[in-house]
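These are the residues of each chain, in order.
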Amino acid sequence: MHNTFVPARRRMIQTSLATVGFLTFSGLGRAMRASSTLPPKYSGFLSGGLIDLRYPFSLPELPYASNAFAPGIDTITMEIHHGKHHAGYVRKLNAALEGEPSLQSKTLGELLADLDAVPDSIRIAVRNNGGGHANHSLYWETMRPGGSQPLGQLAADIKRDFGSLEELRAQLKTAASGQFGSGWAWLVADPSGSLVVLSTANQDSPLMEGQHPLFGIDVWEHAYYLNYQNRRGDYVDAFLDIADWAAVSANYENLFKLN
Ligand code: MN3
């Protein structure tokens, strides 16, 4: 899909990120971490410290009222989704790591990027609940009543890689509709330097494949079933209408700020 030419800016970014790691989701984490301790497998563009959240993990507060998106995303769905489902991932992730001091020092990004380093006995729990915590933390950050438009670098790269925001939305909807069973549709920054749409099953995070999640659509039934039942596509349309592309833009630009 991509030719072998990598623009100079991309080469620089990949080099600098491999050296220093990079910022986390806005508002959820602040520090940068060196990535030099990561295994080579993950030491490229996308490496640890993506999400500078650490044990004991906690449920982030919603930056808006739970009725802020009604009727498109109804109030009860928001309250159960955040207060029960996301809270459950946080609680179970903490329980899994309770007796593992060596893992408690890792960021959530580091844990998800190297599940092989997690003992067999808790690997599935960390995968499901760590993924759930990361995915939902991003989800809440990238919705805003009325939505917003992509800015700056993200706007330029959406045009470069998809042609238009409309085409990106169409590809996200296709990915969301085509995900069999529970999972997520994503816009990710790929190590190649491109923006890519993909889907994951269950609570798997793109971080597990070395990709940086920028925007995710939760297609678990708990995200929409009260209001939409089997009409997943209608929920996806409603969610895309409240996508906070400006917030996604800010997260994306954090990838380029480190040097
Ligand atoms: Mn969910």
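Residues numbered from 1 in each chain as written. Predicted model: local features only at pLDDT ≥ 70, side-chain atom pairs only at ≥ 80, totals over all residues. Heavy atoms only, no water.

1. Topic: the overall build of the protein chain
No. 1: When helices and strands are counted, the protein chain shows 10 helices and three strands.
No. 2: Taken from the N to the C terminus, the helices and strands of the protein chain come in the order α-α-α-α-α-α-α-β-β-β-α-α-α.
No. 3: In the protein chain, buried positions account for 54% of the 259 residues.
No. 4: Looking at the protein chain alone, contacts between residues at least 24 apart form 71% of all its contacts between residues at least 6 apart. (Helix = DSSP H or I, 4+ residues; strand = E, 2+ residues; numbered from the N terminus. Buried < 20%, exposed > 50% of the residue type's maximum accessible area, 1.4 Å probe, protein only. Contact = heavy atoms within 4.5 Å.)

2. A closer look at the pairing of strand E2 (residues 195–201)
No. 1: Across the seven residues that make up E2, a large majority, five, are buried.
No. 2: Pairing between strand E1 (residues 183–189) and E2: seven bridges, direction antiparallel. Counted as the bridge partner of Val188 is Val196 from E2.
No. 3: Counting the residues that bridge the hairpin from E1 to E2 gives five residues, and of these Gly193 lies at a positive phi of roughly 100 degrees. (Pairing = 2+ DSSP bridges.)

3. A look at a nonpolar patch on the surface
No. 1: Together, Ile76, Ile80 and Leu226 make up a nonpolar patch on the protein surface, roughly 280 Å² of accessible area in all.
No. 2: Looking at where Ile76 falls in the secondary structure, it is placed in helix H2 (residues 75–97). (Patch = residues over 30% accessible without salt bridge, like charges linked within 9 Å, V, L, I, M, F, W, Y side chains within 5 Å. Areas by Shrake-Rupley, 256 points an atom, 1.4 Å probe, with all protein chains shown as cover. Salt bridge = Lys/Arg side-chain N within 4 Å of Asp/Glu carboxyl O.)

4. Things to note about the packing of aromatic side chains
Ring pairs (aromatic) are described by centroid distance and by the angle formed between their planes.
No. 1: The full count for this structure, using the stated rule, is 10 aromatic pairs.
No. 2: Ring centres of Phe215 and Trp245 lie 4.6 Å apart, and the angle between their planes is 40 degrees; this geometry places the pair in the tilted category. Placement of the pair is Phe215 in strand E3 (residues 212–218) and Trp245 in helix H10 (residues 245–257), with a sequence separation of 30 residues.
No. 3: A relative accessible area of 1% means that Trp245 is categorised as buried.
No. 4: When the centroid spacing of 6.2 Å and the interplanar angle of 35 degrees are considered together, the rings of Tyr235 and Phe239 count as tilted. Residue Tyr235 and its partner Phe239 are both found in helix H9 (residues 232–241); the two are separated by four residues, about one turn of the helix.
No. 5: Judged by relative accessible area, which is 0%, Phe239 ranks as buried.
No. 6: An aromatic cluster of three or more residues is present, and its members are Tyr139, Trp140, Trp184, Trp186, Phe215, Tyr224, Tyr228, Tyr235, Phe239 and Trp245. (Phe/Tyr/Trp six-rings, centres within 6.5 Å; stacked < 30°, edge-to-face > 60°.)

5. Some points on the pattern of salt bridges
No. 1: With the rule as written, the count across this model stands at eight salt bridges.
No. 2: Taking the shortest distance from any N to any O, the salt bridge between Arg160 and Asp161 comes out at 2.6 Å.
No. 3: For Arg160, a relative accessible area of 40% corresponds to the partly exposed category.
No. 4: For Asp161, a relative accessible area of 27% puts it in the partly exposed group.
No. 5: We note a salt bridge from Arg231 to Asp234, for which the minimum N-O separation is 3.1 Å.
No. 6: If you follow the salt bridges from partner to partner, you end up with Asp157, Arg160 and Asp161 in one network.

6. What about the sheet that holds E1?
No. 1: Ordered in space as E2-E1-E3, the three strands form an open sheet in which the pairing is antiparallel. With partners counted over all chains shown, the strands left at the sheet margins are E2 and E3, one partner each. Strand after strand, the sheet turns through a mean of 25 degrees between neighbouring axes, direction not considered. (Axes fitted to C-alpha atoms, helices over the stretch in contact; angles between N-to-C directions.)

7. Concerning the confidence of the model for the protein chain
No. 1: Looking at the protein chain as a whole, its pLDDT mean stands at 82, while 79% of the residues score no less than 70.
No. 2: For the stretch residues 1–49, pLDDT sits under 50, and the model shows 114 contacts to residues farther than four places along the chain or on other chains. (pLDDT = per-residue confidence, 0-100.)

8. What to know about the environment of Asp114
No. 1: For Asp114, the position within the fold is in the loop between helix H4 (108–113) and helix H5 (120–141).
No. 2: Using a relative accessible area of 13% as the deciding quantity, one classes Asp114 as buried.

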